[in-house]
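Below are the chains, spelled out letter by letter.
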Amino acid sequence: MRKEDTVKLISAEGFEFVIDKRAAMVSQTIRNMLTSPGSFAEREHGEVTFPEISTTILEKICQYFYWSLQFASGKDTEFPIEPELTLELMMAANYLHT
Amino acid sequence: MGSQKKRNFQIEAFKHRVVVDPKYADKTWKILEHAIHEIYNHNASGLSFEELYRNAYNMVLHKFGEKLYSGLVSTMTSHLKDISKFIEAAQGGLFLEELNRKWADHNKALQMIRDILMYMDRTFIPSTHKTPVHELGLNLWRDNIIHSSKIQTRLLNTLLELVLRERNGEVINRGLMRNIIKMLMDLGSSVYQEDFEKPFLEVSADFYRVESQKFIECCDCADYLKKAERRLNEEMERVSQYLDAKSEVKITNVVEKEMIANHMLRLVHMENSGLVNMLLDDKYDDLGRMYNLFRRVPNGLSTIREVMTSHIRDTGKHLVTDPERLRDPVEFVQRLLDEKDKYDRIIGSSFNNDKTFQNALTSSFEYFINLNPRSPEFISLFVDDKLRKGLKGVSEEDVEIILDKVMMLFRYLQEKDVFEKYYKQHLAKRLLSGKTVSDDAERSLIVKLKTECGYQFTCKLEGMFTDMKTSQDTMQGFNSAHGADLGDGPTLAVTVLTTGSWPTQPSITCNLPTEMLALCEKFRSYYLGTHTGRRLTWQTNMGTADIKATFAKGQKHELHVSTYQMCVLMLFNNADRLSYKEIEQATEIPASDLKRCMQSMACVKGKNVLRKEPMSKDIGEDDVFFVNDKFTNKLYKVKIGTVVAQKETEPEKQETRQRVEEDRKPQIEAAIVRIMKSRRVLDHNNLIAEVTKQLQSRFLANPVEIKKRIESLIERDFLERDNVDRKLYRYLA
């Protein structure tokens, strides 16, 4: 996959997740970051830092992005969520407008 | 997250992190405010979207939405005020460009700001019913730039000035124009309408009022229409190039009203170039232009239609009543056809084949054709002429076309039964004299008449054809039975006409020469031998004969003459000179016929097989006739026509008219009885109306005549008047 087609998501702890842009754009917030006119740093460097999202949550979120892409193409499966992550996940989802 | 809805969680109120720093809100806002400044200064590349978004997100989350929103409003307003000053300072032509550039900048900045503040747009704004960021940005632009006192009128004047310059033929920057107009439209349709469209329409109306006045004073109608059409197209093009599509109707309405509707009558009646002149000169393009332009305005087409109708009626009336034209019926009908063709072409090529125009044309023709009571006769004469000789060498399709045209004129006639009368007479003459050119054409016309008027109308005409055919067979039979014992004597060709089918007049049979008489007797016994129970009477006034004649110097000719003329000529086999009286006595030909037949043999140059004394143009009772020994003619066969009046003479006309009236009576009665039989009871006015309607396809029944017929039917106990209501008729079975 070419570099222009990926985006690097960085967690509060500094872990980097390189994922498909299309998957990342499941989040409306990330979509805006990458498409807003003008030249925000994120768009120029192709990476986004989330100082308020922990690695565990960001990993789960990335899984969700890919699951959602598949789900959107019609595959009806469940997305497993561990109950202890629920609260933080919901906050992140609100933030990311997912 | 999609799949969570299936699990049953108790959602507890979310506890926000307590904000420790009391200056938190101010600090966060400062960051955002700075970012907005940077964005407006094209300096956004260093900014982190995530950071700005997170700050705005947290402000809203921590109940500082109000502060964020009002901060945005005041920051943006102050930026716009600066921009406004900048635009105001632009010189002359740069003004629009500067405005356009700043507008593009603002749009881009607005987009970025909205993205950063998306969380506020999503949650805070709907719950507090505030204006969303994007719309807010547009409103602020409108209030601070477009409606700023130093820009508003300048902008409008600049735009109108550009349109005016374009109307005057200059080239303007349409792209720039389009962007500015698009901006006004983006700011809301009311901005576009109030700040541009309304004044634009007013100025346009003034412009076209002045211009149309100028044009109409100095242009003829065709030129004016060309100019109007061009203006109209220009305006439509302008709309498609840089105005709101919805403006098209409005601006074209302005042009239509100012350039067309206001001058419509003057244009149509313009001297030497108005509608009538266009019609006269077949100006298809100009007429088409007028049609297309006038169609756009109320009453436009009806104006054209009325003028055209009255013009056609006038010329038509002149055509059918001008005594000069009435001399030659063929020419008369040809002119009608030409006139019809002319207008068919105009309506076809210029008036879009408009049904209403076709109807107007039809009704005009119906109107003036029936002004002349002789139209039915003339149309029949026209057909007669065509079927006698006019169609020689013409292809079958062309014959059909001519016949169709005749049928069209026929349709316009109110007195179709009069036409039938004449047609019958003319057809009989054609058939008996063997003059008809094409049997197919004859039959084709009959079929057309049949489809138009029904079986009843043509059954007698068809009977005539049948008689011709049967007579041929009869003669074949007669000749094969008696041909042998006829020897060198005269041959006979008889056409047996069914009484009723043919327009026969009761005529006194003349005395045939003895040679002929014997032959006729033979035929009579042959015919009655094969058909019992019939009666034959000789119609000597309708026959023809071919005679071989040898003149004094030995020159031989074959003379084609009428039966009457044959009778007269045969007398000269036994006498050198005969007086009129002697001839009259010997032949017993009715006086008027005899005079005509003598005239054609003695007074027509080149056909004068007889001489008479005294030499004069007319036949007198005391004239004496000799065989003209000096008769010469280049041709062996000489056809001697009887002096026949092609058109009917006045008394003949009266007679035909009377017969027509006579024939109408039973038809009216039949119609009355038919109607009453189905209705049983009907009042006077309705009965008259229905009878008229039923007979319309044949003739226009006169109400007075219908009334007479009703009375006659009452007398004969077909109907009775109601005892109470005398206006009511009752059918008596």
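Residues numbered from 1 in each chain as written. Chains lettered and ligands numbered in written order. Predicted model: local features only at pLDDT ≥ 70, side-chain atom pairs only at ≥ 80, totals over all residues. Heavy atoms only, no water.

You'll find chain B entered in an unreviewed UniProt entry as Cullin family profile domain-containing protein, with Vitis vinifera given as the organism.

An unreviewed UniProt entry annotates chain A as Elongin-C originating from Vitis rotundifolia. Regarding chain A, the UniProt comment filed under Sequence similarities (unreviewed entry) reads as follows: "Belongs to the SKP1 family." We quote the UniProt Pathway (unreviewed entry) comment for chain A here in full: "Protein modification; protein ubiquitination." (UniProt positions renumbered as here; feature names shortened; annotations may be inferred.)

### What to know about the overall build of chain B
Within chain B, the secondary structure is distributed over 29 helices and nine strands. Relative to its length of 733 residues, chain B is extended, with a C-alpha radius of gyration of 48 Å against a globular reference of 27 Å. Taking the principal axes of the C-alpha coordinates as reference, chain B spans close to 155 × 65 × 55 Å. Counting the 733 residues in chain B, one finds 47% classified as buried. At a minimum sequence separation of 6, the contacts of chain B that also span at least 24 residues come to 71%. For chain B, the exposed surface amounts to about 37,800 Å²; the carbon and sulfur share of it is 50%. Averaged over its 111 positive side-chain charges, chain B has a centre that lies 3 Å from the centre of its 107 negative ones. (Helix = DSSP H or I, 4+ residues; strand = E, 2+ residues; numbered from the N terminus. Rg over C-alpha atoms; globule rule 2.2 N^0.38 Å. Buried < 20%, exposed > 50% of the residue type's maximum accessible area, 1.4 Å probe, protein only. Contact = heavy atoms within 4.5 Å. Areas by Shrake-Rupley, 256 points an atom, 1.4 Å probe, with all protein chains shown as cover. Lys, Arg positive; Asp, Glu negative; His and termini not counted. Charge placed at Lys NZ, Arg CZ, Asp CG, Glu CD.)

### Quick notes on the pattern of salt bridges
Residue and element names in this part refer to chain B. Taken as a whole and judged by the stated rule, the model has 62 salt bridges over all chains. Linking Asp663 and Lys421 is a salt bridge whose minimum nitrogen-to-oxygen distance equals 2.2 Å. You can see Asp663 sitting in helix 27 (residues 650-679) and its partner Lys421 sitting in helix 20 (residues 416-432), a full 242 residues away along the chain. Classification of Asp663 as partly exposed rests on a relative accessible area of 36%. A salt bridge links Arg709 to Glu705; the nearest nitrogen and oxygen atoms lie 3.3 Å apart. Separated by four residues within a single helix, Arg709 and Glu705 lie in helix 29 (residues 703-715), roughly one turn from each other. Look at Glu705 and you get buried, because its relative accessible area is 14%. When salt bridges with common partners are traced through the structure, they connect Glu166, Arg167, Arg174, Glu235, Glu237 and Arg238 into a single cluster. (Salt bridge = Lys/Arg side-chain N within 4 Å of Asp/Glu carboxyl O.)

### Brief notes about helix 29 of chain B
All names here are of chain B. Under the 1.5 Å per step criterion, the end-to-end length of helix 29 is 18 Å for 13 residues, consistent within 8% with the ideal 18 Å. At its buried positions, helix 29 is contacted by helix 27, helix 28 (684-695), strand 8 (719-721) and strand 9 (728-731). Just beyond helix 29, the residue with positive phi is Asp717, at close to 65 degrees. (Expected span 1.5 Å × (residues − 1).)

### Considerations on the interface of chain B and chain A
At the junction of the two partners, chain B supplies 31 residues and chain A supplies 32 residues. Summed over both partners, the interface of chain B with chain A comes to about 2,800 Å²; 61% of that surface belongs to carbon and sulfur atoms. Linking chain B with chain A are zero salt bridges. Here chain B is connected to chain A by 12 residue pairs in polar contact (both at pLDDT 80 or more). Among the elements of the structure, helix 2 (49-61), helix 4 (94-116) and helix 5 (118-128) of chain B are those that each provide at least two residues to the side of chain B that touches chain A. It is helix 2 of chain B that provides the largest number of residues to the side of chain B that touches chain A, a total of eight residues. Class assignment for the residues of the side of chain B that touches chain A results in 14 nonpolar, eight polar and nine charged. (Buried area = accessible area lost by both parts, 1.4 Å probe. Polar contact = N/O pair within 3.5 Å; in protein donor to acceptor, adjacent residues only side chain to side chain. Nonpolar A, V, L, I, M, F, W, Y, C, P; charged D, E, K, R; others polar.)

### Brief notes about the domain arrangement of chain B
Taken domain by domain, chain B holds domain 1 (17-146), domain 2 (543-639) and domain 3 (650-731). Distance from the C-alpha centre of domain 1 of chain B to the C-alpha centre of domain 3 of chain B: 93 Å. (Domains from an automatic or database assignment.)

### Focus on the pairing of strand 2 (residues 16-20) of chain A
All names here are of chain A. Here strand 1 (residues 6-10) pairs with strand 2 via five bridges, running antiparallel. Pairing of Leu9 across the sheet is with Phe17, part of strand 2. Following strand 1, the chain reverses through five residues before pairing antiparallel with strand 2; Gly14 in that reversal takes a positive phi of roughly 100 degrees. (Pairing = 2+ DSSP bridges.)

### Some thoughts on the confidence of the model for chain B
The predicted model of chain B has a mean per-residue pLDDT of 86, with 94% of residues at 70 or higher. A low-confidence stretch, residues 1-5 of chain B (pLDDT under 50), is modelled with 11 contacts involving residues beyond four sequence positions or located in other chains. (pLDDT = per-residue confidence, 0-100.)

### Section: the sheet that holds strand 7 (residues 681-683) of chain B
All names here are of chain B. Spatially, 7-9-8 is the arrangement adopted by the three strands of the open sheet, whose pairing is antiparallel. Every interior strand has two partners, whereas the edge strands, strand 7 and strand 8, have only one. For this sheet, the mean angle separating the axes of adjacent strands, direction not counted, is 30 degrees. Pairing geometry for strand 7 and strand 9, over three bridges, is antiparallel. Note on strand 9: the bridge partner recorded for Leu682 is Tyr729. (Axes fitted to C-alpha atoms, helices over the stretch in contact; angles between N-to-C directions.)

### Comments concerning the UniProt feature "domain: SKP1 component POZ" (unreviewed entry) in chain A
Residues annotated in UniProt with the feature "domain: SKP1 component POZ" (unreviewed entry) correspond here to residues 6-66 of chain A. Along residues 6-66 of chain A, the helical share is 48% and the strand share 21%, with 13 Å between the first and last C-alpha atoms.

### A word on the sheet that holds strand 1 of chain A
Residues and elements named next belong to chain A. Judged by pairing direction, the sheet is mixed, and its three strands sit side by side in the order 2-1-3 without closing on themselves. Two strands close off the open sheet at either side, each with one partner strand: strand 2 and strand 3 (47-49). Mean inter-strand twist for the sheet, computed between neighbouring axes without regard to direction, equals 20 degrees.

### Things to note about the side chain of Asp115(B)
Assignment of secondary structure puts Asp115(B) in helix 4. Of the side chains with opposite charge, Arg114(B) comes closest to the buried, unpaired Asp115(B), at an N-O distance of 4.3 Å. Not counting the four nearest positions on each side in its chain, Asp115(B) is found in contact with Asn32(A), Ser36(A), Pro37(A), Phe49(B) and Tyr53(B).

### Some details on the pairing of strand 1 of chain A
All names here are of chain A. For strand 1, the tally of buried residues reaches four of five residues, placing the bulk of the element in the interior. Summarising the sheet, strand 1 and strand 3 pair through three bridges and their orientation is parallel. The residue bridging Lys8 from the neighbouring strand is Glu47, located in strand 3.

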